[in-house]
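# Descriptive analysis of the structure
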Amino acid sequence: MAPSVNPMSQIVKDMDRHIPMHPLPEEIQKMPRDETVCKYCGVSYLILHEFKLLEEKMKMMEKELKFYQGSMERENQLQDDLRHLRQELEQNKTDIEFKTERLRIACVQLQKREEELEILTKELRNYKEEVKAAHNQLQILGKETTKQRSYLAETMSLLRSLQLEQTAIKNVTNDTLVKWISVRKELNAQVEEISRSHTAETMSLNECLEASEKEKSTLQNLVSNLQAKSDSLQSTSQQLLASRESEKELKNRCHELQMQVLGKRMLLL
């Protein structure tokens, strides 16, 4: 005997297998139910669409039913998880306190490192300035070195020319020295000859000098006598000048008296 088939389940299976070619337009899906239901039989014209919606609701309810069936087991599991989480929380609190202390120490060390870094930054800035100044000084020294090299090249060329001139001067000096040796010999001979003649002349001059000394002493005595006479004459001359001055004064006085007498006579006349 063949098993009986539920016609409703058969319809559901047929509807599950039915896949519409085109979905309902959005404006039809949003139409109110009064406009999609037959006014005589009360069946919706969009029965397939409503059936699909009911099918989706049924599947969701089956999922919720399965969810609630395992809720006790999940609650026990959640209790265990909660207990483990509390233990982990306590452990984490301890770890957090330890890490907080380490973080505080690290912050202090970081602050010290920042201060050291600031000091090093200042030193680096000063070092950069010193390097810049040294670089500028190096450039100046490079320019000076270039100048000194040019001066050195000129000096070397001048030195070579001086060496050539020195060689020429040495040659001339050697020639002159040879000539001077011969001339010196001649001069020595002439000097010896002149010295001999000069010795004779010196002796005669010494004799003349002795005679001159004697004559000089005689003249000095004569000059002393003349000086004494000159002094006496000078004093006499001064006396004469004084007498002349007094004579002039007397003459002037006499002339004044004569003029006074003449004036009085003129008044008497």
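Residues numbered from 1 in each chain as written. Predicted model: local features only at pLDDT ≥ 70, side-chain atom pairs only at ≥ 80, totals over all residues. Heavy atoms only, no water.

### Details of the pattern of salt bridges
It is possible for side chains of opposite charge to pair when their charged atoms get near one another. According to the stated counting rule, one finds two salt bridges in the structure shown. The partner of D80 in a salt bridge is R83, and the shortest N-O contact between them spans 2.9 Å. A residue pair is termed a helical-turn pair when its members lie 3 or 4 positions apart in one helix, as D80 and R83 do in helix 5 (residues 71–268) at three residues. Its relative accessible area of 42% is what places R83 among the partly exposed residues. Of the charged contacts, one joins E101 and R104 as a salt bridge, the two residues approaching to 2.4 Å between their closest N and O atoms. With E101 and R104 both in helix 5 and three residues apart, the pair spans about one turn of that helix. Residue E101 is classed as partly exposed on the basis of its relative accessible area, which comes to 37%. Of the residues examined, R104 reaches a relative accessible area of 46% and is grouped as partly exposed. (Salt bridge = Lys/Arg side-chain N within 4 Å of Asp/Glu carboxyl O. Helix = DSSP H or I, 4+ residues; strand = E, 2+ residues; numbered from the N terminus. Buried < 20%, exposed > 50% of the residue type's maximum accessible area, 1.4 Å probe, protein only.)

### Notes on a nonpolar patch on the surface
There is a patch of nonpolar side chains on the surface, built from L177, W180, I181, V183, L187 and V191 and spanning about 500 Å² of accessible area. Along the polypeptide, I181 turns up in helix 5. Judged by its relative accessible area of 34%, I181 is partly exposed. (Patch = residues over 30% accessible without salt bridge, like charges linked within 9 Å, V, L, I, M, F, W, Y side chains within 5 Å. Areas by Shrake-Rupley, 256 points an atom, 1.4 Å probe, with all protein chains shown as cover.)

### Things to note about the confidence of the model for the chain
In this model, the chain carries an average pLDDT of 76, and 79% of its residues clear a pLDDT of 70 or more. When pLDDT is averaged over each element of the chain, helix 5 comes out on top at 81 and helix 1 (residues 7–17) at the bottom at 47. A low-confidence stretch, residues 1–5 stays under pLDDT 50, and its non-local contacts, those more than four residues away or across chains, total one contact. Scored below 50 in pLDDT, residues 11–18 shows nine contacts in the model against residues more than four places distant or in partner chains. (pLDDT = per-residue confidence, 0-100. Contact = heavy atoms within 4.5 Å.)

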